[in-house]
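Each chain is listed here by its residues.
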Amino acid sequence: MKRTVGALLRKEMLVELRTLESVPGMSLFSLTTFVVFHFALNRNSIDGDLAAGILWVTLLFAAMLGINRLFVADSEEGALDGFLLAPVDRSALLAAKVLALLSYLVVLELVAVPAFALLLLGPSLDPGLGGLVAVLALGDIGVAVVGTLISALTVRTRARDLLGPLLTLPLLVPVVIAGARASSPLLALHASGTPSGRWLLTLALYDLLFGLIAYALFDFLVED
Amino acid sequence: MDWKGLATPRVLAVATAVVMAAALTLVFFYAPLEAEQGFLQKIFYVHVPLAIVSLCGFIAGGILAIAHLRTGDSRWDVRSYVAIHMSLIFGLATLITGSIWAKGSWGHWWVWNEPTLVSFLIVFLLYATYQPLRFAIEDPERQARYASVFAITAGAFVPMNFIAVRLSSAYVHPRVLGATGNLPGPMELTFVISLAAIALLYATLYSLELHTKHARAQLRALRRRVDERTDVPERASARSAAPSLPLPPRTVGTITSMSGRPRAGREA
């Protein structure tokens, strides 16, 4: 299982490095969105609730770009059929895809969060940085798990570009609620260093619940 | 599961009519006027049961979908579809009645600090994609399987979402009417009867739609046999988001042999 996941993950990384299909697009999208928000809000610097909301909405929409493309190449170029012929556990594909999407999100945030601090955020990021990393990490796991499940669900439908976000956004509302509420005190003018445990717990619970659901249901999505 | 003898649509319809009449009588002539909201509060006896029944229907859709994935029997998928379909209709009614109540008591058509209503909107928006999802998958077997995966995921999402939204509202309205635990006796009785009436209405509509689906499957089978005998090329059936029951195995026979055949889809 571990070796299968490793091999699949290596393949994902190799494909992404060679084609550069997802990550650069996602990062660029987040930068553009910050610029759009600057003009749309007519604000030079933001903090607190507003900052947390903009950061999470931007990351979520950027993630959507990656989620929509996650299984497209596999489905169109026949990699999925090849995988199904191999005598390996199908959950390995789920694990590899979740890890791949998770790494895309981490790279995205390595670009987007500093850019956000530079372009839009009023108060300094330093005091709340550790807490923000924790919140983002827990949020990313949820986004990656749900994104992978929905991506597998919609990849072989017509109008998948439409259905993907329509299904993913409501499912991710709890992540946005918990993520934005947890990061808003970290981005406030007089930032407190630690996010509230209640929201971290909600995020962890969400990750656990949807992790189990994805594990239970993924096999049915790659049956044929 | 053979509920047919027990709960045909006709029996259910009569029961619904009786209980609904009782519930309305109680609502208007027995339940006392609420001190703060007066007559407006009566919408509570419609709105809250609608919401409860609709959410239970969504979760039932998920449970029926589990049965479908476990057995691979497409009849479970049809049941799951019908449950979610009915819940969507009830859900729309919940949102409308909730909106009216909010306008009446708080002066706005929509209030964001009423966590239950907000959660309900999110759940409704999620389930609103159920039919587009089905519609976008052409292979019927895969459509059924993917729809079940969606129904289970969404079913598990319902409680999770309610927890998250409830946590998010630091300021919760004084919920005099939200919780049934602290209702005075006559109000509680009225509420329970109203809940039963709405649940029966749901069951009636659910079984009516299932019966329609069976009838349609039988009609399709009969029509195909007629077409076979008259050498009409097979009709292309219109693509639909709604699942249909499987046709009985294709046999070349005479019309007279049909009377002895078991009728398709009688079991459910």
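About the thresholds
- Residues numbered from 1 in each chain as written.
- Chains lettered and ligands numbered in written order.
- Predicted model: local features only at pLDDT ≥ 70, side-chain atom pairs only at ≥ 80, totals over all residues.
- Axes fitted to C-alpha atoms, helices over the stretch in contact; angles between N-to-C directions.
- Helix = DSSP H or I, 4+ residues; strand = E, 2+ residues; numbered from the N terminus.
- Parallel < 35°, antiparallel > 145°, perpendicular 65-115°, else oblique.
- Left-handed = near helix turned anticlockwise from the far one by under 90°.
- Contact = placed C-beta atoms within 7 Å.
- Nonpolar A, V, L, I, M, F, W, Y, C, P; charged D, E, K, R; others polar.
- Expected span 1.5 Å × (residues − 1).
- Buried ≥ 20, exposed ≤ 12 C-beta atoms within 10 Å, placed from the backbone.
- Arc of directions from axis to C-beta.
- Core = buried A, V, L, I, M, F, W, Y, C linked by C-beta atoms within 7 Å.
- pLDDT = per-residue confidence, 0-100.

Peer 1: Sorry, what's going on with the packing of helix α2 (residues 23–41) of chain A against helix α6 (residues 91–119) of chain A here?
Peer 2: Angle between the axes and distance between the axes: these two values describe a pair of packed helices. All names here are of chain A. Packing of α2 against α6 brings their axes to within 9 Å, and their N-to-C directions diverge by 25°. Taken as axis vectors, α2 and α6 run roughly parallel relative to one another. Helix-helix and strand crossings are classified by hand; for α2 and α6 the assignment is right-handed. Along the contact surface, α2 presents Val23, Met26, Ser27, Ser30, Leu31, Phe34 and His38, while α6 presents Tyr104, Val107, Leu108, Val111, Ala112, Ala115, Phe116 and Leu119. For the contact of α2 with α6, the per-class residue count stands at 12 nonpolar, three polar and no charged.

Peer 1: Help me understand helix α1 (residues 9–30) of chain B, please; the structure alone is not making it clear to me.
Peer 2: Side chains of residues three or four places apart in an α-helix project in the same direction, reflecting 3.6 residues per turn. All names here are of chain B. In this model α1 runs 30 Å from its N-terminal to its C-terminal C-alpha over 22 residues, within 8% of the 32 Å that 1.5 Å per residue would give. For α1, every residue scored as buried is listed here: Leu12, Thr16, Ala23, Leu26 and Val27. Seen from one end, α1 has its buried residues packed into an arc of 100°, which puts them on one side. Along α1, exposed side chains directed more than 90 degrees from the buried face belong to Arg10, Val14, Val18, Ala21, Phe28 and Phe29.

Peer 1: Teacher, can you tell me more about the nonpolar core here?
Peer 2: A general feature of soluble globular proteins is that nonpolar side chains tend to end up buried together. Residues A:Leu149 and B:Phe150 are the most contacted members of the largest nonpolar core, which totals 131 residues. Among all residues touching A:Leu149, those that are not within four sequence positions of it are A:Ala214, A:Leu217, A:Phe218 and B:Thr153.

Peer 1: Even after reading the chapter, I still don't get the confidence of the model for chain B, so can you show me in this structure?
Peer 2: Reading fine detail from the predicted coordinates is not recommended where pLDDT is low. Residues and elements named next belong to chain B. Here chain B averages 81 in pLDDT, and 79% of its residues register 70 or above. Within the model, pLDDT remains below 50 along residues 176–180, and this stretch shows five contacts once partners closer than five positions in the same chain are excluded. Within the model, pLDDT remains below 50 along residues 251–268, and this stretch shows 18 contacts once partners closer than five positions in the same chain are excluded.

Peer 1: I would appreciate a short explanation of the interface of chain A and chain B in the present structure.
Peer 2: Interfaces are frequently sized by the accessible area removed from exposure as the parts join. Contacts between the two partners involve 25 residues from chain A, matched on the other side by 24 residues from chain B. Listed by contribution, the elements that provide at least two residues to the side of chain A that touches chain B are α7 (129–154), α8 (160–183) and α9 (197–221) of chain A. Tallying contributions element by element places α8(A) first for the side of chain A that touches chain B, with 10 residues. In terms of residue class, the side of chain A that touches chain B is built from 18 nonpolar, two polar and five charged.

Peer 1: Explanation requested: unusual backbone geometry in the structure shown.
Peer 2: Comment: phi is negative for the bulk of residues other than glycine, and the bulk of peptide bonds are trans. Residues and elements named next belong to chain A. Not every positive phi belongs to a glycine, and Leu20 is a case in point at roughly 50°. Following the sequence through the fold, Leu20 ends up in the loop between α1 (2–19) and α2. We classify Leu20 as exposed; it has 10 C-beta atoms within 10 Å. The backbone of Asn42 shows a phi angle near 55°, a positive value even though the residue is not glycine. Structurally, Asn42 can be placed in the loop between α2 and α3 (48–69).

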